[in-house]
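Here are the chains, one letter per residue:
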Amino acid sequence: MSAAVAGVVLLPCVLLALWVVIVFNARYRTCVQLENGANLGYEAVFDLSRPYLKPIAVPRLENGTPILRDMLWSIKITPTSIYGLSLEPIEERGYQFAWRNDVGLVLESDDPAEYERLVAEAGHANWDIEINNVGTQWLMNELAGRPDFEVRRCPTSLVTW
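Quick caveat, the model's predicted, so the values are computed rather than measured.

Asker: Just to check I follow, could you spell out the state of the cysteines for this structure?
Answerer: Each disulfide is one covalent bond, formed between the sulfur atoms of two cysteines. In total, this model carries one disulfide according to the counting rule given. At a sulfur-sulfur separation of 1.6 Å, the disulfide partner of C31 is C154. You can see C31 sitting in strand β1 (residues 30-33) and its partner C154 sitting in the loop between β9 (151-153) and β10 (157-160), a full 123 residues away along the chain. Residue C31 is classed as buried on the basis of its relative accessible area of 1%. For C154, a relative accessible area of 5% gives the class buried.

Shown next, in the form of structure tokens:
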């Protein structure tokens, strides 16, 4: 009798957990391919450090490695580069960064001259989007809805924290 009760209680729990894994897996393993060699995608399928286990969108390399793991704001994407501002505190404020495929990640605080050069060479950012400051999640959703951007399944870690 107790095995039947346990089965009745556990079966819905297992089915719910399986459904969550399937839904999260389908949604958070997608990315938007960018012309500069990177993509916008989720850091992981499940983020144990965030509410409801929802991951954040981050700029990533083709192999799924995040370029930055922090929540970004005022992200600018050009045909050659990604640059912007993070919301994560370093010395009680965010930090500015620039990334280009042939150079890698440059923080303004580490190399101001190289950062300024990369931003100056980057060119026009964010296509025809008229909003000046956008985060990666908003930009990823916007680009995923455009027909000229490829949305595909990307290598993504299962769990991060």
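Asker: Quick question: what am I supposed to make of helix α2 (residues 112-122) here?
Answerer: Since the α-helix advances by 3.6 residues per turn, residues separated by three or four positions end up pointing in the same direction. By the burial criterion, the buried members of α2 are E114, Y115, L118 and A122. Angular distribution of buried residues about the axis of α2 spans 105°; they occupy a single face of the element. Counted as exposed and oriented over 90 degrees from the buried face of α2: A113 and A120. Among the structural elements, β6 (81-86), β7 (96-100) and β8 (104-107) are those in contact with the buried residues of α2.

The rules behind each value
Residues numbered from 1 in each chain as written. Predicted model: local features only at pLDDT ≥ 70, side-chain atom pairs only at ≥ 80, totals over all residues. Heavy atoms only, no water. Disulfide = S-S within 2.5 Å. Helix = DSSP H or I, 4+ residues; strand = E, 2+ residues; numbered from the N terminus. Buried < 20%, exposed > 50% of the residue type's maximum accessible area, 1.4 Å probe, protein only. Arc of directions from axis to C-beta. Contact = heavy atoms within 4.5 Å.

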